[in-house]
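Remarks on the overall topology
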Amino acid sequence: MEIQKLDSNHLRSGFLETLASLAETNLTFDQAYTVFYDRSLCPNIHTFVAISHNIVCGDVKVPNVVGTATLITERKFLHGGKRAAHIEDVAVHQDWQGQGIGKELIEHLLQQARVLGCYKVVLHCKPELIPYYNKFGFREWAEGMRIDF
Ligand SMILES: CC(C)(COP(=O)(O)OP(=O)(O)OC[C@H]1O[C@@H](n2cnc3c(N)ncnc32)[C@H](O)[C@@H]1OP(=O)(O)O)[C@@H](O)C(=O)NCCC(=O)NCCS
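Reference entry: report on the structure contained in this document. Sequence order as written defines residue numbering, which begins from 1 separately in each chain. This being a predicted model, a pLDDT of at least 70 is required before a residue's local features are given, and a value of 80 or more before pairs of side-chain atoms are given or counted; all residues contribute to the totals for chains, interfaces and linings. The side-chain figures draw on all heavy atoms in the structure; neither hydrogens nor water molecules are used.

1. Overview of the overall build of the protein chain
Condition: Strands are runs of DSSP state E lasting at least two residues, helices are runs of H or I lasting at least four, and both sets are numbered from the N terminus onward. Just to be clear, the radius of gyration here is over C-alpha atoms, and the globule rule we use is 2.2 Å times residues to the power 0.38. We call a residue buried when its accessible area falls under 20% of the maximum for its residue type, exposed when it is over 50%, and partly exposed in between, using a 1.4 Å probe and counting protein chains only. Whether two residues are in contact is decided by their heavy atoms, any of which lying within 4.5 Å being enough.
Counting its regular elements, the protein chain contains four helices and five strands. On C-alpha atoms alone, the protein chain measures out to a radius of gyration of 16 Å, which is about the 15 Å that the 2.2 N^0.38 rule sets for 149 residues. Expressed as lengths along the three principal axes of its C-alpha atoms, the size of the protein chain is roughly 55 × 35 × 35 Å. Within the protein chain, buried positions represent 32% of all 149 residues. The long-range fraction of contacts in the protein chain, counting pairs at least 24 apart against all pairs at least 6 apart in sequence, stands at 60%.

2. Describing the packing of aromatic side chains
Worth spelling out the cut-off: Note on aromatic contacts: the rings of Phe and Tyr and the six-membered ring of Trp form a pair at centre separations within 6.5 Å, being stacked when their planes are under 30 degrees apart, edge-to-face when over 60 apart, and tilted otherwise. Lysine and arginine charges are scored as sitting over a ring when NZ or CZ, respectively, is within 6 Å of the ring centre and within 35 degrees of the ring normal.
Per the stated rule, a full pass over the model turns up six aromatic pairs. Here the aromatic rings of tyrosine 133 and phenylalanine 136 are separated by 6.4 Å at their centres, their planes lie at 45 degrees, and the arrangement is tilted. Exposure class is identical for tyrosine 133 and phenylalanine 136. Each is buried. When the ring centre of phenylalanine 29 is taken as reference, the NZ or CZ atom of arginine 12 above it lies at 3.5 Å.

3. Quick look at the side chain of histidine 10
Topologically, histidine 10 is positioned in the loop between strand S1 (2–5) and helix H1 (15–19). Residue contacts for histidine 10: discarding those within four places in its chain leaves Gln4, Lys5, Phe15, Val49, Ile51 and Val65.

4. Regarding the site of the ligand
Stated precisely, the cut-off is as follows: Any residue with a non-hydrogen atom lying within 4 Å of a molecule or strand is treated as near it. Any N or O atom pair separated by 3.5 Å or less is treated as a polar contact, with the protein-specific requirement of one donor-capable and one acceptor-capable atom, and with residues adjacent in sequence counted only for side-chain atom pairs. Per-residue and other accessible areas were derived by the Shrake-Rupley procedure at a 1.4 Å probe size, with only the shown protein chains allowed to occlude residues. Classification convention: Asp, Glu, Lys, Arg as charged; Ala, Val, Leu, Ile, Met, Phe, Trp, Tyr, Cys, Pro as nonpolar; all other residues, Gly among them, as polar.
Near the ligand you find 21 residues, and of these Val92, Gly98, Gly100, Gly102 and Lys103 are the closest. Contacts to the ligand include lysine 103, whose backbone N or O atom sits 2.8 Å from an oxygen atom. A distance of 3.3 Å separates an oxygen atom of the ligand from a polar side-chain atom of lysine 126. Protein contact buries 69% of the 940 Å² of open area that the ligand shows by itself. Among the elements of the structure, strand S4 (83–92), helix H3 (101–115) and helix H4 (130–134) are those that each provide at least two residues to the shell around the ligand. Of the residues assigned to the shell around the ligand, the class counts are 10 nonpolar, seven polar and four charged.

5. Digging into the nonpolar core
Note the cut-off: Residues belong to a common nonpolar core when they are buried Ala, Val, Leu, Ile, Met, Phe, Trp, Tyr or Cys residues joined through side-chain atoms within 4.5 Å.
Among the nonpolar cores identified, the biggest contains 20 residues, and Ile87, Ile106, Tyr133 and Phe138 are the most heavily contacted of them. Only strand S2 (45–57), strand S3 (60–75), S4 and H3 provide two or more residues apiece to this core. Looking at this core element by element, the count peaks at six residues for H3. If sequence neighbours within four positions are ignored, tyrosine 133 has contacts with Val90, Ile106, Leu123, Cys125 and Phe138. Listed in part, the 11 residues of the second largest apolar core include Leu6, Phe15, Leu19 and Ala32.

6. Here's the deal with the environment of phenylalanine 138
Looking at the element boundaries, phenylalanine 138 is found in the segment after H4. C-alpha of phenylalanine 138 to C-alpha of valine 121: the two residues are 17 residues apart in sequence and 8.6 Å apart in space.

Okay, here's the thing in C-alpha cells:
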C-alpha cells in the first residue's frame, strides 16, 4: 500500500469506485476529468489516494486506488495569517475497509497539515464515526450546519 497525490490516471483505476463508498459520483470519465482539471488549478486542494499493488488482472499485478482523502487549506486573517485545514471526502473502497487504509490516509493528511504550518484541522462526520476520529486525536467541537440549493 502506497499513498500518492491524485493524478488523472487514477480516475480510471478505482478512484470513482472508491468514492462510491461515500456517495455515488454519477460522473462520466470526461466529467470527472473536468472536475480533476478544475481542482488542479486550486493549489490549496490536496487529494491523496491509497494504492494497492496487489490487484491481479490476468497474470499482471496492476496498481489500483483503494482509498482517498482530501485536505483543503485556507489562509486566515485571524491567527496571524496562519493556515487552517479541512478534511473532506475520506473513503476506503468497500472491499478494503477495516485494513488500516483509512488510518494511513488520515495520518498522512495530518502530517501534511503540520508540514504546511496549519494551526488546526477540522472535519465533519456522521455521529457514528466520532469514535473513529477520536482515535486520531480529534475532539467534538461545534455543530455542523448546512443549506442545500
Ligand atoms: C470510515 C472509513 C474511512 C474507515 O476506513 P477503514 O480503512 O475502514 O478503517 P481503518 O481500518 O483504518 O480503521 C482504523 C481503526 O479505526 C477503527 N474503526 C474503524 N471504523 C470505526 C468506527 N466506525 N468507529 C470506531 N472505530 C472504528 C478500526 O477498528 C481500527 O482500529 P485499530 O487501529 O485499533 O485496529 C471507511 O470505513 C469508509 O470509507 N467508510 C465509508 C465512507 C465513510 O463513511 N467515510 C467517512 C466520511 S467522514
